Amino acid sequence: MVLWGSNAREAHPIFFHHVLKAIRRGAKLVVVDPRRTASAAWADTWLSVKIGADIALANAMAHTLIAEGLYDKAFVEAACEGFEALKAHLAGYSPEAMAPVCGVDAETIRQVARRYAQADRAMICWTLGITEHHNAVDNVLSLINLGLLTGHVGRWGSGLNPLRGQNNVQGGGDMGALPHKLPGFQDVEDPVVRARYEALWGASIPAKKGMTLTEMFEAMGVGALKGLYVLGENPAQSEADGGHAQARLKKLDFMVVQDIVFTKTAEMADVVLPARAAWCESEGTVTNSERRVQRVRRALTGPEGARDDLEILGALAARLGHPLGPLTAEALWDEMRTHSPMHHGMSYARLEAEGGLQWPCPDDAHPGTPFLHGRLWERPLRSPRARLSITHDAPPVEALTPEYPWRLTTGRRLDAYNTGVQTGPLRSPLWRETTVDMHPDDAAGAGFADRTPVTVRSRRGAVVAPVRYDPSLPRGVVFMTFHDPDAVDTNTLTIDVTDPRSGTAEFKAAAVAIAALSHSDAAE
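Residues numbered from 1 in each chain as written. Predicted model: local features only at pLDDT ≥ 70, side-chain atom pairs only at ≥ 80, totals over all residues. Heavy atoms only, no water.

Enquirer: Sorry if this is basic, but what is going on with the overall build of the chain here?
Expert: Broken down by element type, the chain carries 21 helices and 21 strands. The C-alpha radius of gyration of the chain comes to 24 Å, within 12% of the 24 Å expected for a compact globule of 524 residues. Reported as C-alpha extents along the three principal axes, the dimensions of the chain are approximately 65 × 65 × 45 Å. Each of the 524 residues in the chain was classed as buried or not, and the buried ones make up 48%. For the chain, the exposed area adds up to about 24,500 Å²; of that, 56% sits on carbon and sulfur atoms. (Helix = DSSP H or I, 4+ residues; strand = E, 2+ residues; numbered from the N terminus. Rg over C-alpha atoms; globule rule 2.2 N^0.38 Å. Buried < 20%, exposed > 50% of the residue type's maximum accessible area, 1.4 Å probe, protein only. Areas by Shrake-Rupley, 256 points an atom, 1.4 Å probe, with all protein chains shown as cover.)

Take a look at the structure:
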């Protein structure tokens, strides 16, 4: 198992329990992460890749697979396309050439590539350490190349697994909570698909895809987006370059927030609609990282004044002149699955009886799909080939300079969650204040004693926090969390440059300066 850009021990602790079970049964763990994280402590091999150099490392591994004949030639010929172009491209990505770029020595690169290729089952899992970069999509495609070259896809125990950062993120995408998709990942720009939903809903659907979150903030900045409806999100504190994000939110003519807690974003809203906690106060479904749809059942009625999300949306639709009639979770689910082929066979009765089903599940007799890309092993292949992608190594957008010499990266801790609006008020025994984690030699060399308050400054803003000595960090890198933005607003420092395809900001790589706390900083 390869955990790449994922500190699952702290960010996905339940999942990591399964990793530990596998390790105890003899599985080998490789962790690719700049920091020697709590996950890396369990690894057979830890690759301390330089921040932003993941493509260099992945391409060097792919180079090794091809150069040493370790790739699955029969699978590639039968199920993939683009091999010759990829082979030519990777000629310049030898482990020797990439070692100084990625920070991992050439022999280690080769050894990990060999172990991955020669394993009877192998999986690559990744999270935000891969996707929160300006070249996030290419990062992912470079990992997909490794899976395709070795045939470690679509088979039991092998695959490519993006670990979801929050509960039911997968389900939100399944239901069409994406700017370019309708339920079941059907393209909103497909006129045939769009016509079916227009007939169902009795309304026209825009023929072009909508805006990503990043594009929405850009539109706020120029006055093109004047109103916002925020459900279960805290963008005032979760967006990169937080000061800029809040300034754009303030430019809106009207903002509604629907949430279970009174967030910083809710403080800025014109209207706040108190909702119930979906995981225990609502009926419905949830989809986990393995595409398994499961039932969610109401266990509590919820506090007085809070209303179910469906009730709120139904009442709003009626006031807007579009009454939706009686709304129940099951009725909405049945409407969705009649128009989403991948969900068609998932009735509530089957979900209850079978403890959940994995899509695609196209009819009532289908058992669900345990692994997604099994189609690639059909012979002859009856579906499109998987594409091998050309990816180019590119450093972080914000280069280090004499004025900003430290590389800041951000992440989560086990005891807290995201911007802290849910976990912050409930102090766990593991809780500690937000710190500026530095390698002890770096901190001592700069004259900072452990726990000394310092000012961390980027081109966008500054925060004050104490230094914490952390020998797990590479030299030149500092680490901060973002769980307590009311005390230390770390996202004031992060850069909002984004991947043009995913719209994800480069939270993992900013350039900062660190200085002893001045009297003016202390006063602020």
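Enquirer: When you look at the layout of surface pockets in this model, what are you seeing that I'm missing?
Expert: Where empty space is left in the structure can be found by rolling a water-sized probe over the atoms. Taken as a whole, the second largest pocket encloses approximately 360 Å³ of empty space. Val49, Lys50, Ile51, Val101 and Val477 are, among the 22 residues lining the second largest pocket, the residues nearest its centre. Residue classes in the lining of the second largest pocket are distributed as 13 nonpolar, four polar and five charged. In terms of domain composition, the lining of the second largest pocket takes at least three residues from each of domain 1 (2-163) and domain 3 (406-523). (1 Å grid on protein atoms, 1.4 Å probe; cavity = no way out; pocket = protein on both sides within 12 Å on 5 of 7 lines; lining within 4 Å. Points joined across faces, edges and corners; volume = space filled by probe spheres on them. Nonpolar A, V, L, I, M, F, W, Y, C, P; charged D, E, K, R; others polar. Domains from an automatic or database assignment.)

Enquirer: Would you take a moment to explain empty space enclosed by the protein for this structure?
Expert: Taken as a whole and judged by the stated rule, the model has two cavities of 30 Å³ or more. Its volume calculated, the largest cavity comes out at about 370 Å³. Taken together, 27 residues form the lining of the largest cavity, with Gly5, Asp33, Gly129, Thr410 and Lys508 sitting closest to its centre. It is strand E16 (residues 406-411) that provides the largest number of residues to the lining of the largest cavity, a total of three residues.

Enquirer: Would you take a moment to explain the pattern of salt bridges for this structure?
Expert: A pair can form between side chains of opposite charge whenever their charged atoms are brought close. All told, the structure shown has 26 salt bridges when counted by the stated rule. Among the salt bridges present, the one from Lys508 reaches Glu132, with a minimum N-O distance of 3.7 Å. Residue Lys508 is located in the loop between strand E20 (477-481) and strand E21 (510-516), and its partner Glu132 is located in the loop between helix H8 (128-131) and helix H9 (136-150); the two are separated by 376 residues in the primary sequence. For the salt bridge of Arg337 with Asp334, the shortest nitrogen-to-oxygen distance reads 2.9 Å. Remark: Asp334 and Arg337 occur in helix H18 (residues 329-339); sequence separation between them is three residues, near one turn of the helix. Residues joined in a network through salt bridges with shared partners are Glu68, Glu96, Glu107, Arg110 and Arg114. (Salt bridge = Lys/Arg side-chain N within 4 Å of Asp/Glu carboxyl O.)

Enquirer: For this particular structure, what's the right way to read the environment of Val272?
Expert: Counting through the fold element by element, Val272 comes out in strand E11 (residues 271-274). Among the residues examined, Val272 registers a relative accessible area of 32% and is labelled partly exposed. For Val272, the residues in contact, after removing those within four places along its chain, are Val257, Phe262 and Ala266. (Contact = heavy atoms within 4.5 Å.)

Enquirer: Is there a simple way to explain the domain arrangement of the chain in this structure?
Expert: One widely used convention gives an interface's size as the accessible area the parts lose upon coming together. Domain boundaries in the chain define domain 1 (2-163), domain 2 (210-358) and domain 3 (406-523). Distance between the C-alpha centres of domain 2 and domain 3: 30 Å. On the side of domain 3, 16 residues touch domain 2, which itself brings 14 residues to the contact. When the two sides are added together, the surface that domain 2 and domain 3 hide from each other amounts to roughly 1,200 Å², 51% of it contributed by carbon and sulfur. By the criterion of area lost to domain 3, the three top residues of domain 2 are Gln237, Ala240 and Asp241, representing 45% of everything that side buries. Connecting domain 2 to domain 3 are zero salt bridges. One can count seven residue pairs in polar contact (both at pLDDT 80 or more) joining domain 2 with domain 3. At the level of secondary structure, the elements contributing two or more residues to the side of domain 2 that touches domain 3 comprise helix H13 (235-238) and helix H14 (242-250). At four residues, the largest contribution of residues to the side of domain 2 that touches domain 3 is made by H14. (Buried area = accessible area lost by both parts, 1.4 Å probe. Polar contact = N/O pair within 3.5 Å; in protein donor to acceptor, adjacent residues only side chain to side chain.)

Enquirer: Please explain the pairing of strand E10 (residues 254-259) as it appears in this structure.
Expert: Residues in a regular strand point their side chains to alternate faces of the sheet. Burial of E10 is extensive: five of the six residues sit out of reach of the surface. Here strand E9 (residues 227-231) runs beside E10; their pairing, made up of five bridges, is parallel. Its bridge partner lying in E10, Leu231 is registered against Gln258. As paired strands, E10 and E11 are joined by four bridges and run parallel to one another. Of the residues in E11, the one forming a bridge with Asp259 is Pro274. (Pairing = 2+ DSSP bridges.)

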